[in-house]
Amino acid sequence: MPAMARYLTAVLQNRPIAEDFYELQFNWPSQAPAPKPGQFLTIRTSQSSVPLLRRPFAFSRYDHEDGSARIIYKVRGAATAQLAGKRPFDAVDVLAPLGKPFPLPDSETRPILVAGGIGIGPILFLARALHAHSPALRLIVGARTAAGLPSQLSGEYGEVIACTDDGSFGHSGTVIDALRSYLSTTTLSTNSGESVLYLCGPEPMLAGGHRLALECGITAYVAVEQTMGCAVGACMGCAVRVLGPERYARACTEGPVFDSRLIDWRE
Ligand SMILES: Cc1cc2nc3c(=O)[nH]c(=O)nc-3n(C[C@H](O)[C@H](O)[C@H](O)COP(=O)(O)OP(=O)(O)OC[C@H]3O[C@@H](n4cnc5c(N)ncnc54)[C@H](O)[C@@H]3O)c2cc1C
Ligand code: FES
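What you see is a predicted model, and the numbers here were worked out from it, not measured in a lab. (Residues numbered from 1 in each chain as written. Chains lettered and ligands numbered in written order. Predicted model: local features only at pLDDT ≥ 70, side-chain atom pairs only at ≥ 80, totals over all residues. Heavy atoms only, no water.)

Novice: What should I look at first to understand the site of ligand 1 in this one?
Specialist: The environment of ligand 1 is formed by 19 residues, the closest being Pro56, Lys74, Thr80, Glu225 and Gln226. Side-chain polar atom of Arg76 to an oxygen atom of ligand 1: 3.2 Å apart, as the coordinates give it. Its free accessible area being 880 Å², ligand 1 has 74% of it covered by the protein chains. Counting residues per element, the ones that place at least two in the shell around ligand 1 are β4 (55-63), β5 (68-74) and α1 (78-84). With four residues, the top contributor of residues to the shell around ligand 1 is β4. The residue makeup of the shell around ligand 1, split by class, is 11 nonpolar, four polar and four charged. Counting only domains with at least three residues in the shell around ligand 1, you end up with domain 1 (5-98) and domain 2 (110-225). (Near = heavy atom within 4 Å. Polar contact = N/O pair within 3.5 Å; in protein donor to acceptor, adjacent residues only side chain to side chain. Areas by Shrake-Rupley, 256 points an atom, 1.4 Å probe, with all protein chains shown as cover. Helix = DSSP H or I, 4+ residues; strand = E, 2+ residues; numbered from the N terminus. Nonpolar A, V, L, I, M, F, W, Y, C, P; charged D, E, K, R; others polar. Domains from an automatic or database assignment.)

In structure tokens, the structure reads:
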């Protein structure tokens, strides 16, 4: 894995794509290793001491042709509000690429990608990377309401199953409800060796995806979005409880992508 480094780069575009969600596109330095789906960066959003810590965000896209990278973020507190105020040519201070990427499926395996809430970015990045090689790819994207779904879920990601908790668009219910229904209408549950799940979203969603994967006998990879401190393996601020003698893994260096069977999902 190439070493991460700090880069000072510039905003190309920062635009709203759904209610409270923005997409930030910025120059990707030519000397930097290309980010892979599942990897993340940390951004220092202000030169002042508020907020003090860099904030982690998953890459949502990388374009080799124009040398740009993107993240999709939700405005939540001080750092993301500062990010939402960035304009073209503003400086961006990033540390990247961080963490381990999603393991890619072989050409025989059908990938099923599931995103909820702020998990949308890394899942869209993976969908884009896999679509050309995996025509059977399925993408399931969920939000609380229609306004929370990004507007550009086009054919470039394969067939998209959209769902909303309040039923205002697409499937009514959670992405896990939609995943269960999708699995039950395909032969996947009886043909288990040929599919793999990739999930990113809130923890209850990841736990639900894990349980469904176990029921169907398929592998699931989850990208966790644990609150982080240093993001480089030094503070244990991102510890995830895992099965086995180590008991804890660092999401920032050993993750953020894990085989769901490694995680201890007990409350
Ligand atoms: C590996 C990784 C990848 C991430 N990728 C994305 C991404 O692609 N897009 C995105 O929008 N966010 C992502 N996040 C979460 C993002 O880092 C936080 O939303 C951000 O740090 C909030 O900063 P803030 O100062 O705006 O809000 P804060 O003031 O720090 O927090 C505001 C509120 O959000 C909650 N919160 C903060 N961080 C998290 C978190 N990690 N999970 C759940 N709740 C949280 C706090 O509890 C608080 O209630 C990722 C986190 C990690 C660890
Ligand atoms: S955030 Fe410090 S070890 Fe992961």
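Let's pick the thread back up.
Novice: Even after reading the chapter, I still don't get the pairing of strand β6 (residues 91-98), so can you show me in this structure?
Specialist: Looking along a regular strand, one sees side chains alternate from face to face of the sheet. In terms of residue burial, β6 counts as a mostly covered element, since seven of its eight residues are buried. In the sheet, strand β1 (residues 5-18) pairs with β6 via six bridges, with the strands oriented antiparallel. Within β6, the position partnered with Tyr7 by the bridge is Val94. Where strand β3 (residues 40-44) and β6 come together, four bridges link them in antiparallel fashion. Bridging from a neighbouring strand, Thr42 pairs with Leu95 of β6. (Buried < 20%, exposed > 50% of the residue type's maximum accessible area, 1.4 Å probe, protein only. Pairing = 2+ DSSP bridges.)

Novice: Which parts of the structure should I look at to understand the nonpolar core?
Specialist: For soluble globular proteins, the rule of thumb is that nonpolar side chains tend to be buried together. Counting 36 residues, the largest nonpolar core has Ile140, Leu179 and Leu199 as its most contacted members. Only β7 (110-116), β9 (159-164), α3 (175-184), β11 (195-200), α4 (203-216) and β12 (219-223) provide two or more residues apiece to this core. What Leu199 contacts, discounting residues up to four positions off in sequence, is Val114, Ile123, Ile176, Met205, Leu206, Gly209, Ala220, Tyr221, Val222 and Ala223. Of all hydrophobic cores here, the second largest spans 27 residues; its members include Ala115, Leu124, Tyr157 and Ala162. (Core = buried A, V, L, I, M, F, W, Y, C linked by side-chain atoms within 4.5 Å. Contact = heavy atoms within 4.5 Å.)

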